[in-house]
There are 2 protein chains.
Amino acid sequence: MAFTRHILKKLEQIVGRAHLLHQKEDLVCYGYDTTPDAYYPEAVVFPKNAGQVAAVLNLARSLGISVTPRGAGSGMTGGALAVTGGIVMAMTRFNRILAIDRDNFIAVAEPGVVTGEFQKAVEAQGLFYPPDPSSAAFSTLGGNAAECAGGPKAVKYGVTRDYILGLEVVLATGEIITTGVQTAKGVVGYDLTRLMVGSEGTLGVITKLTLRLLPLPAHVETMTAVYDSMETAAETVSEIIRQGIVPRSIEYMDNASICCAEEYMKAGLPVDAGAILIIAVDGTVHEVAEAVARISGVCKKAGARDVRTAESKADAEILWKARKSVSPALFKYGPDKINEDIVVPRSRIPDMVRKIRALSKETGLTMVSFGHAGDGNIHVNIMLDKRHPDQVKKANQAVSDLFDHTLALGGTLSGEHGVGITKAAYMSKEISPAALGLMKRIKKAFDPDGILNPGKMRV
Amino acid sequence: MAFTRHILKKLEQIVGRAHLLHQKEDLVCYGYDTTPDAYYPEAVVFPKNAGQVAAVLNLARSLGISVTPRGAGSGMTGGALAVTGGIVMAMTRFNRILAIDRDNFIAVAEPGVVTGEFQKAVEAQGLFYPPDPSSAAFSTLGGNAAECAGGPKAVKYGVTRDYILGLEVVLATGEIITTGVQTAKGVVGYDLTRLMVGSEGTLGVITKLTLRLLPLPAHVETMTAVYDSMETAAETVSEIIRQGIVPRSIEYMDNASICCAEEYMKAGLPVDAGAILIIAVDGTVHEVAEAVARISGVCKKAGARDVRTAESKADAEILWKARKSVSPALFKYGPDKINEDIVVPRSRIPDMVRKIRALSKETGLTMVSFGHAGDGNIHVNIMLDKRHPDQVKKANQAVSDLFDHTLALGGTLSGEHGVGITKAAYMSKEISPAALGLMKRIKKAFDPDGILNPGKMRV
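The structure presented is a predicted model; accordingly, all values stated were derived computationally and were not measured.

Engineer: Mind showing me how you'd approach the overall build of chain A here?
Structural biologist: For chain A, the count of helices and strands is 15 helices and 18 strands. Taken against the 2.2 N^0.38 rule, which gives 23 Å for 459 residues, the C-alpha radius of gyration of chain A at 22 Å falls within 12% of a compact globule. When the backbone C-alpha atoms are referred to their principal axes, chain A occupies close to 70 × 60 × 45 Å. The buried share of chain A, reckoned over its 459 residues, is 62%. Long-range pairs, those at least 24 residues apart, make up 72% of the contacts in chain A with a sequence separation of at least 6. On chain A, roughly 16500 Å² of surface is accessible, and the fraction owed to carbon and sulfur atoms is 52%. Of the charged side chains in chain A, 51 are positive and 49 negative; the average position of the first set lies 4 Å away from that of the second.

Written out as structure tokens, the structure is:
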């Protein structure tokens, strides 16, 4: 139902006429993320500062209108979708890097800054921001924080959560609070910062982030190891970790992923391989050389048919581009995909790989897997054509079986994509009624009227 | 007021007669931590499993009795003290390491396990648990989690928060929940794990921890750099960080700390020095040698009169023992001390050092400072004799001034000791009414009747 002129007028007074959209053709652009369904809001606002965010929230609260914060709309689980309509709050105008403090290894930035641009800005000063989702070229710091984005460097460096020291947040009550610290440590009061991280826009609107930085590693090398079978590749991952080597990335691609990426990118990937590992190590020149030699030994001993190190930075970049292209390139296997993001203990990857193969055989559906093997974080893609109800039914059953097996192995349903709407129905497989009840009470403590991003995460 | 026979009988039925204390002479032993005041509970229970914890909480809730969880009682801010009486729940019988998983670099342990013993157990398997509070020889994993303990290795490795993947928690409602994951990553639902960490026993009772481990570094070297003035030492710290070197520890001791530790330990510390830095680096042999050379150069350039590397592991251990002895050894300067734990951005340490000197001069009270310079985390000790009301008044004013200056520099009131009772009165200097209101609502979401550890953190 369209907003009345009165509501639109009020919103216009807060953000300005140029920063409010309410025509259908504009709203359509803000109804999508990377999940298949679309939900159109009644209006999109583009606030410029925390005061405007607070004013919009106060108005929405007084009228009982829901508000869905939105970064770049590149999320994988529907976090930025206004499933009950209402207002989409696009944070794209919060696009300033406010400070890069080389003496204290911190930065202050607004949530609409594109993560890849932030990475480049700090790297220009010899600093390093490790969180690196495949979407980094277009996703934002705020969206990454709301979903607790990961990426390939998490093996050594952790995820977004580990790089956020403090936040400015506008609560659903219109109150503007500061959480956390601007220092290396801090334990005063409850950890509101990490509670906000990964809360998918349901607890508050992030309007500023204080981020922890590291020194930029002096040297990086990227290796590939080629295997005839996925199981052997998976066993190598366990063996590298068991040896106490900590590469910054250990990614894997199965045969279907390799073929997809190769068709898309022509990166010279071995399309006849059962799987490849892409392994990156960083540190001093000597340290990197030592790690490359050790990893190479482990890979060969485990049965890799070929192990090589990228000869140049450009070669390494092509490899990473190929890896990052897998997800969008997959549609060659079917018009629709269900994209999952399970995590198992690293040593259980071979078990999981066998399960995925069995499920694929059982359902007759193509299943492509790739992802962050070093973390046990497997992106499983079930390819299907939704026009065939039997495929949809089989795919849904496969997802349910996949999740059951994941949990039986000690895993979790999502490593970095979040719950949103796509995993909401499965959340109770992992989270007990008591824990979910507690989460609902926390949601209520933050947002008593339930106006912020309703319909997500079953809270 | 002593508990009735009826209440004691009920408690006895839950934990067994041998695991309940209620005689005054026994209660006295559980009325202390390292803060100066004592608060005696009416009973101390020693539950053995989560079911018993839940039963005690259910009983307490039905009777409106408060329950204070207690680890080793070595906290610095009164977190384990039953300030309103009631039941102290001593977690010492939860003393089992349940699993050390070398393949996945995780461990599962009960909260009463002594941190130092846990460190040794994982090191025996080539693994590494970095959190390392000075109390590690006697404090527990559960107490460390409740306070988010730090220690000297935080510069490179972070604090307790960064090593807890998941928890089993008994809520004040008697519900037993599991939080977090057993894997490297996980983002399903709100981050209850990090909300529990640092919540000082006010939100639930931790009954099991899943901990993240790292490979044990192959090599460690410990260096000392001796300075005529504290400011020069502090400037060196900034310069090391600015150079992009990340030692695992950068500790400092001022002259008063050096003299204290030397008298206590006879470790051969330079008692005529203005300050010393104790710097530890770890990694491969080559990496360590490179870092030692670079750090040595920075220290000398900055004005260190002497820089040396400990010749043996035994020598390094003596140095660390001396460093860790400072806090207890300080009483040579006065019968009482106020022990603060501020953090400032690393580059502001010289400014803070000057402020502490000025406050000491102004009040005439001895102020000793030492701590984790690499994190900007300064342990300031104000020595006094509480029998003199003017000293008490001056010391309290100095604390207030110290905190104001800390916050003005962009710092925080506590890096690792927490708020408890000793900092509760100052909490509103750092936390706004809106944020504190939110924390109170979170407390209510977890513990609707306020039975868990009341009187702490102003929640």
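Engineer: Honestly, helix 11 (residues 313–329) of chain B in this entry has me stumped. Any pointers?
Structural biologist: Each full turn of the α-helix corresponds to 3.6 residues, which orients residues three or four apart in the same direction. Taking 1.5 Å of rise per residue, the 17 residues of helix 11 of chain B would be expected to cover 24 Å, and the 24 Å separating its terminal C-alpha atoms lies within 8% of that figure. Residues of helix 11 of chain B that are buried include every one of A316, L319, W320, A322, R323, S325, V326, S327 and A329 of chain B, and no others.

Engineer: Would you explain the nonpolar core in this entry?
Structural biologist: One broad trend across soluble globular proteins is that nonpolar side chains are buried collectively. Among the nonpolar cores identified, the biggest contains 186 residues, and F118 and F446 of chain A together with F118 and F446 of chain B are the most heavily contacted of them. If sequence neighbours within four positions are ignored, F446 of chain A has contacts with L171, A172, T173, L192, L195, M196 and L203 of chain A together with L438 and I442 of chain B.

Engineer: What is the right way to read the pattern of salt bridges from this model?
Structural biologist: When the charged atoms of two side chains with opposite charge come close together, those side chains can pair. Applying the stated criterion across every chain, the model contains 48 salt bridges over all chains. Notably, a salt bridge pairs D306 of chain B with R308 of chain B, separated by 2.9 Å at the nearest N-O pair. Residue classification places R308 of chain B among the exposed residues on the basis of a relative accessible area of 52%. Taken together, the shared-partner salt bridges connect D103 of chain A together with E239 and R242 of chain B into one network.

Engineer: Which parts of the structure should I look at to understand the domain arrangement of chain A?
Structural biologist: Buried accessible area, meaning the area lost when the parts come together, often serves as the stated size of an interface. Residue and element names in this part refer to chain A. When its domains are assigned, chain A resolves into domain 1 (1–216), domain 2 (219–327) and domain 3 (330–424). Relative to domain 3, the C-alpha centre of domain 2 lies at a distance of 22 Å. On the side of domain 3, 22 residues touch domain 2, which itself brings 20 residues to the contact. The junction of domain 2 with domain 3 conceals about 1900 Å² of combined surface from both sides, 56% of it contributed by carbon and sulfur atoms. Of all residues in domain 2, E231, Y252 and S327 bury the most surface against domain 3, accounting for 32% of the area lost on that side.

Engineer: Mind showing me how you'd approach the sheet that holds strand 4 (residues 87–90) of chain B here?
Structural biologist: In a beta sheet, neighbouring strands are held together by backbone hydrogen bonds and run either parallel or antiparallel to one another. Residue and element names in this part refer to chain B. An order of 1-2-4-3 is seen for the four strands of this open sheet, with the pairing classed as mixed. With partners counted over all chains shown, the strands left at the sheet margins are strand 1 (20–21) and strand 3 (67–70), one partner each. Pairing of strand 2 (residues 43–45) with strand 4, which is carried by three bridges, proceeds in the parallel orientation. Looking at the pairing, A43 lines up with I87 of strand 4. In the packing of helix 3 (residues 50–63) onto the sheet, contacts are made with strand 2, strand 3 and strand 4, and the angle to strand 4 comes to roughly 170 degrees.

Engineer: Just checking my understanding: could you explain the environment of V113 of chain B for this structure?
Structural biologist: All names here are of chain B. As for its placement among the helices and strands, V113 is situated in the loop between strand 6 (106–109) and helix 4 (115–123). Relative accessible area serves as the criterion here: at 4%, V113 is assigned to the buried category. Along the primary structure V113 and A43 are separated by 70 residues, whereas in three dimensions their C-alpha atoms are 22 Å apart. Contact partners of V113, with chain neighbours within four places excluded, come to F94, N95, R96, I97, F118, S139, T140 and L141.

Engineer: How do you make sense of the environment of A435 of chain B when you look at a structure like this?
Structural biologist: By the secondary structure assignment, A435 of chain B is in helix 15 (residues 433–446). Taking C-alpha positions, A435 of chain B is 17 Å from T202 of chain B, a pair spaced 233 residues apart along the chain.

Engineer: Could you clarify how one ought to interpret the packing of helix 12 (residues 349–363) of chain A against helix 13 (residues 389–408) of chain A in this entry?
Structural biologist: Packed helix pairs are characterised by how far apart their axes lie and by the angle those axes make with each other. Residues and elements named next belong to chain A. Taken N-terminus to C-terminus, the directions of helix 12 and helix 13 make an angle of 160 degrees; their axes are 11 Å apart at the nearest point. One way to sum up the angle between helix 12 and helix 13 is to call them roughly antiparallel. Judged by the twist between their axes, the crossing of helix 12 over helix 13 is right-handed. Contacts between helix 12 and helix 13 pair D351, M352, K355, I356, L359, E362 and T363 from the former with K394, A398, D401, L402, H405 and T406 from the latter. Its residues assigned to classes, the contact of helix 12 with helix 13 comprises five nonpolar, three polar and five charged.

Engineer: Which parts of the structure should I look at to understand the sheet that holds strand 15 (residues 306–309) of chain A?
Structural biologist: Residue and element names in this part refer to chain A. Read across the sheet, seven strands follow the order 15-12-14-13-17-18-16 without closing on themselves; strand pairing throughout is antiparallel. Of all strands in the sheet, those with a lone pairing partner are strand 15 and strand 16 (336–343), marking the two edges. Each adjacent strand pair in this sheet contributes to an overall mean axis angle of 15 degrees, direction not counted. By the bridge criterion, eight bridges tie strand 16 to strand 18 (residues 377–384) in an arrangement that is antiparallel. Across the sheet, the residue bridging to E340 is V380, located in strand 18. Where helix 9 (residues 255–265) meets the sheet, it contacts strand 13 (249–254), strand 14 (275–283) and strand 17 (367–372), and its direction lies at approximately 90 degrees from that of strand 13. Contacting strand 16, strand 17 and strand 18, helix 13 crosses the sheet at an angle of about 5 degrees to strand 16.

Engineer: What is the right way to look at the pairing of strand 4 of chain B in this model?
Structural biologist: Side-chain positions along a regular strand alternate between the two faces of the sheet. Residues and elements named next belong to chain B. Side chains I87 and M89 of strand 4 all project onto a buried face; the interleaved residues V88 and A90 project onto the opposite face, where all are buried too. When strand 3 meets strand 4, the two strands line up parallel, connected through four bridges. From the neighbouring strand, T68 faces strand 4, where its bridge partner is V88.

Engineer: I would appreciate a short explanation of the relation of the copies chain B and chain A in the present structure.
Structural biologist: Copy one and copy two of the chain differ by a rotation about an axis and a translation along that axis. By a simple turn and slide, chain B fits onto chain A: the slide is 0.0 Å along the axis, the RMSD is 0.0 Å, and the turn is 180 degrees. What the superposition gives is, in effect, a two-fold axis relating one chain to the other. Interface overlap between copies is the fraction of interface residues in one copy that are interface residues in the other; for chain B against chain A it reaches 100%, indicating a shared surface.

Engineer: Can you walk me through the interface of chain B and chain A in this structure?
Structural biologist: Taken together, the contact pairs 76 residues of chain B with 76 residues of chain A. Buried surface at the junction of chain B and chain A, both sides included, amounts to about 6200 Å², of which 62% is carbon and sulfur. Residue R161 of chain A is joined to D191 of chain B by a salt bridge in which the shortest nitrogen-to-oxygen separation is 3.2 Å. If you look at where chain B meets chain A, you find 25 residue pairs in polar contact (both at pLDDT 80 or more). With nine residues, the top contributor of residues to the side of chain B that touches chain A is helix 15 of chain B. When its residues are assigned to classes, the side of chain B that touches chain A shows 33 nonpolar, 24 polar and 19 charged.

Engineer: Whenever I open this one, helix 8 (residues 230–242) of chain B confuses me. Can you help?
Structural biologist: All names here are of chain B. If you check helix 8, its first and last C-alpha atoms are 19 Å apart, about what 13 residues at 1.5 Å a residue would give, namely 18 Å. Taken together, the buried positions of helix 8 are M230, E231, A233, A234, T236, V237, S238, I240 and I241. Where the residues of helix 8 are buried, they touch strand 12 (219–227), strand 13 (249–254), strand 14 (275–283), helix 10 (285–302) and helix 12 (349–363). Where helix 8 terminates, the next one or two residues include G244, which has phi positive at roughly 80 degrees.

Engineer: Whenever I open this one, unusual backbone geometry confuses me. Can you help?
Structural biologist: Excluding glycine, a negative phi dihedral is what most residues carry, and trans is how most peptide bonds are arranged. The phi dihedral of N453 of chain A falls on the positive side, at around 45 degrees, and the residue is not glycine. Position of N453 of chain A relative to the elements: it lies in the segment after helix 15 (433–446). Classification of N453 of chain A by relative accessible area gives buried; the value is 1%. For E200 of chain B, which is not glycine, the phi dihedral falls at a positive 60 degrees.

Engineer: It is not clear to me how the packing of aromatic side chains should be interpreted in this structure. Could you clarify?
Structural biologist: Residue and element names in this part refer to chain A. For the structure on display, the rule yields 11 aromatic pairs over all chains. Centre to centre, the rings of Y30 and F46 are 5.6 Å apart; their planes meet at 80 degrees, and the pair counts as edge-to-face. Within this pair, whereas Y30 is found in the loop between helix 2 (24–27) and strand 2 (43–45), its partner F46 is found in the loop between strand 2 and helix 3 (50–63), the two being separated by 16 residues in sequence. Taken together, a centroid distance of 5.1 Å and an interplanar angle of 85 degrees make the contact between F118 and Y129 edge-to-face. Taken together, the residues span a long stretch of sequence, with F118 in helix 4 (residues 115–123) and Y129 in the loop between strand 7 (127–128) and helix 5 (141–147) at a distance of 11 residues. Looking at F118, the relative accessible area reads 0%, which means it is buried.

Engineer: Just checking my understanding: could you explain the confidence of the model for chain A for this structure?
Structural biologist: Here chain A shows a mean pLDDT of 95. Residues at 70 or above account for 100%. Interface confidence for the predicted complex, expressed as ipTM, amounts to 0.97; the pTM equals 0.97.

Criteria and cut-off values
- Residues numbered from 1 in each chain as written.
- Chains lettered and ligands numbered in written order.
- Predicted model: local features only at pLDDT ≥ 70, side-chain atom pairs only at ≥ 80, totals over all residues.
- Heavy atoms only, no water.
- Helix = DSSP H or I, 4+ residues; strand = E, 2+ residues; numbered from the N terminus.
- Rg over C-alpha atoms; globule rule 2.2 N^0.38 Å.
- Buried < 20%, exposed > 50% of the residue type's maximum accessible area, 1.4 Å probe, protein only.
- Contact = heavy atoms within 4.5 Å.
- Areas by Shrake-Rupley, 256 points an atom, 1.4 Å probe, with all protein chains shown as cover.
- Lys, Arg positive; Asp, Glu negative; His and termini not counted.
- Charge placed at Lys NZ, Arg CZ, Asp CG, Glu CD.
- Expected span 1.5 Å × (residues − 1).
- Core = buried A, V, L, I, M, F, W, Y, C linked by side-chain atoms within 4.5 Å.
- Salt bridge = Lys/Arg side-chain N within 4 Å of Asp/Glu carboxyl O.
- Domains from an automatic or database assignment.
- Buried area = accessible area lost by both parts, 1.4 Å probe.
- Pairing = 2+ DSSP bridges.
- Axes fitted to C-alpha atoms, helices over the stretch in contact; angles between N-to-C directions.
- Parallel < 35°, antiparallel > 145°, perpendicular 65-115°, else oblique.
- Left-handed = near helix turned anticlockwise from the far one by under 90°.
- Nonpolar A, V, L, I, M, F, W, Y, C, P; charged D, E, K, R; others polar.
- Least-squares fit on C-alpha atoms with pLDDT ≥ 70 in both.
- Polar contact = N/O pair within 3.5 Å; in protein donor to acceptor, adjacent residues only side chain to side chain.
- Phe/Tyr/Trp six-rings, centres within 6.5 Å; stacked < 30°, edge-to-face > 60°.
- pLDDT = per-residue confidence, 0-100.

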